[in-house]
Each structure stands twice: as structure tokens, then as C-alpha cells.
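# Observations on the three-dimensional arrangement
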Amino acid sequence: MNNIAANLERIRATLPAGVELVAVSKFHPVEALRQAYDAGQRIFGESRVQELTAKVPQMPADVRWHFIGHLQTNKVRQLIGLTSLIESVDSERLLELIDRASAERGVVTRVLMQVHVAAEETKFGFSPDELADYFAARRYESLQATHLCGIMGMATNTDDAARVQADFEAIASLHARIKAMCPDLRGFDTISMGMSDDYLLAVRAGSTLVRVGTAIFGPRQY
Ligand SMILES: *Cc1c(COP(=O)(O)O)cnc(C)c1O
């Protein structure tokens, strides 16, 4: 068995039933993705539109592509129709553009709202209050061709496990708050949190989707 297959097997063994694994393949060559595919992996995560559009035709058609990076508004059109989930909707303007482009293409795009709880200032996303306001005002009711499937977030990049755990709990409780506020939201069930170094903590806090790159593929070659 190659390393990638062994890594996948080891990680999957730690995930409870119902938690899905995204293999974050950004900056890794298609050959590495094929090894993961041959080991049964079907969900891949990419963070750049150009890289994703280049890899899609080189991989089997049953791969489900998740977009997990900051999506520039001028790249939206290129991405629509290629993803099974855009995990990183970080502004209402981006959401509106995705919705309009999806309606024009006659497709429904599944997305997650990205929430920012980490201490770093550079990360993209809605603040918890902004996201709660968006749902309290029921602004999602105007969406035509977008399915809001849940939220995505990252913990603070720190060795302090208590802080990481608190960040994940904040994301999960925001998700629960939105669900309670908007019982009409159908299928708003995904909580995407957890990466190579912290996915076990994330799962314990209620993650339903972990995004793991380095622990599967090794270090990225930038
Ligand atoms: C790169 C990336 C990951 C994977 O990070 P690893 O530490 O390599 O597991 C997960 N989520 C997002 C949003 C990323 O950009």
C-alpha cells in the first residue's frame, strides 16, 4: 500500500460514521489525487479556481469537488457547475454573484457560509454576529439557485488545545443557533471544521465534514 492509501485508511478509522472526509489536494499533482481516488477517496478540496479547473478533466467524473479557498468575484462564473460544494462563501456579495451565475446556467449551487472565529485577522469570513444577522433578517429567502447547506470555519492556528476547542464549539453553537432561528432552512446540516492538526478536536465538537490535506498527501509543494 502506498503512503496516501495508508494515511487515508488511518484517518478514516478515526472518523465516526456520518463524518465525511475532504482530501485537500491543493498544490498536489494529479498523480497524488489518483492514488487517493484508487484508495476510495471521492471528495477533493481545492482552493484556487485555475488549479481546480485544470484537475477536473484529469480525474474520473464521480469525483466531488469542494472549493475551499477565497473565491474572487471575477472567478465565480468559471467555477459554477464544477463543484459539489463551495465551502467558502465569505460575503453576501459573493453569495449573490454565485446565485445569479447559477440561475443563468440553470444549476443549483450548494454552498457553506464561512464564519470567522479565529484570532488571526487575515482569515476571510462572516463574523458570528454578521452571519446571525443575515439569517435573522431571512435574507436567504431571495436566493434562486443556491442551496445553503451549512457553515464552514477554522480554529485559531495555535497549539493551545483549549482555544482550538473553544473556536470549534463557537462554530457549532452558531450553527445550532441559526437552525433554531430558521427552522424553514432545509438541509442546513453541514458543519465543516477540522484540518490535519485539529480534526479530532473538531469531530468531538460536532464537525460533520473534515478537510484534511497534509496528513493525507504530505507537505505541499508551493
Ligand atoms: C489548506 C486547507 C486545509 C487543509 O489543511 P491541512 O493542514 O493541510 O490539513 C483545510 N481547509 C482549508 C480552508 C484550507 O485552505
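Further up the page is the structure itself.
All values reported here derive from a predicted model rather than from experimental measurement. (Residues numbered from 1 in each chain as written. Predicted model: local features only at pLDDT ≥ 70, side-chain atom pairs only at ≥ 80, totals over all residues. Heavy atoms only, no water.)

## Considering helix α1 (residues 3–14)
- With twelve residues, α1 extends 17 Å between its outermost C-alpha atoms, agreeing within 8% with the 16 Å of an ideal straight helix rising 1.5 Å per residue.
- Where α1 is concerned, the buried positions are Ile4, Ala5, Asn7, Leu8 and Ile11. Angularly, the buried residues of α1 cover 160° about the axis, an arc narrow enough to put them on a single face. Every exposed residue of α1 that faces more than 90 degrees away from the buried side is listed here: Asn3 and Ala13.
- The inward-facing, buried residues of α1 abut β1 (20–24), α2 (30–38), α8 (199–204), β8 (209–212) and α9 (214–217). (Helix = DSSP H or I, 4+ residues; strand = E, 2+ residues; numbered from the N terminus. Expected span 1.5 Å × (residues − 1). Buried < 20%, exposed > 50% of the residue type's maximum accessible area, 1.4 Å probe, protein only. Arc of directions from axis to C-beta. Contact = heavy atoms within 4.5 Å.)

## Considering the site of the ligand
- Around the ligand, the neighbouring residues are Val24, Lys26, Ile68, Met154, Met195, Ser196, Arg211, Val212, Gly213, Thr214 and Arg220.
- With respect to the ligand, the backbone of Gly213 contributes an N or O atom lying 2.8 Å from an oxygen atom.
- Between the ligand and Thr214, the relevant distance is 2.6 Å, taken from an oxygen atom to a side-chain nitrogen or oxygen of the residue.
- For the ligand, whose accessible area on its own is 390 Å², the fraction buried by protein is 89%.
- Of the residues assigned to the shell around the ligand, the class counts are five nonpolar, three polar and three charged. (Near = heavy atom within 4 Å. Polar contact = N/O pair within 3.5 Å; in protein donor to acceptor, adjacent residues only side chain to side chain. Areas by Shrake-Rupley, 256 points an atom, 1.4 Å probe, with all protein chains shown as cover. Nonpolar A, V, L, I, M, F, W, Y, C, P; charged D, E, K, R; others polar.)

## Digging into the packing of aromatic side chains
- Applying the stated criterion across every chain, the model contains five aromatic pairs.
- With centroids separated by 6.0 Å and ring planes inclined at 40°, the aromatic side chains of Phe44 and Trp65 adopt a geometry described as tilted. Taken together, the residues Phe44 in strand β2 (residues 43–46) and Trp65 in strand β3 (residues 64–67) connect sequence positions 21 residues apart. Each member of the pair, Phe44 as well as Trp65, is classed as buried.
- Judged by centre distance (5.6 Å) and plane angle (35°), the ring pair of Phe135 and Tyr140 falls under tilted. Like Tyr140, Phe135 is buried.
- Counting every residue linked through ring pairs, the aromatic cluster contains Tyr134, Phe135, Tyr140 and Phe188. (Phe/Tyr/Trp six-rings, centres within 6.5 Å; stacked < 30°, edge-to-face > 60°.)

## What to know about unusual backbone geometry
- Here Phe27, not a glycine, exhibits a phi torsion of approximately 70°, which is positive.
- A positive phi angle, near 55°, is found at Arg138, a position not held by glycine.
- Relative to the helices and strands, Arg138 is located in the loop between α6 (128–136) and β6 (146–154).

## Considering the pairing of β2
- In β2, alternate side chains face the same way, and those of Ile43 and Gly45 on one face and Phe44 and Glu46 on the other are all buried.
- As judged from the two bridges shared by β1 and β2, these two strands associate in the parallel manner. Within the sheet, the bridge partner assigned to Val24 lies in β2 and is Gly45.
- Read as a crossover between parallel neighbours, the route from β1 over α2 to β2 is right-handed. (Pairing = 2+ DSSP bridges. Right-handed = clockwise from strand over helix to strand, strands pointing away.)

## Topic: the packing of α6 against helix α7 (residues 161–181)
- Contact pair α6 / α7: the axes reach a minimum separation of 10 Å and the direction vectors enclose 15°. Taken together, the axes of α6 and α7 are roughly parallel relative to one another. α6 and α7 meet at a crossing whose hand is right-handed. Each of Pro128, Leu131, Ala132, Phe135 and Ala136 in α6 lies in contact with α7, whose residues at this interface are Leu174, Arg177, Ile178 and Met181.
- Of the residues contributing to the contact of α6 with α7, the split by class is eight nonpolar, no polar and one charged. (Axes fitted to C-alpha atoms, helices over the stretch in contact; angles between N-to-C directions. Parallel < 35°, antiparallel > 145°, perpendicular 65-115°, else oblique. Left-handed = near helix turned anticlockwise from the far one by under 90°.)

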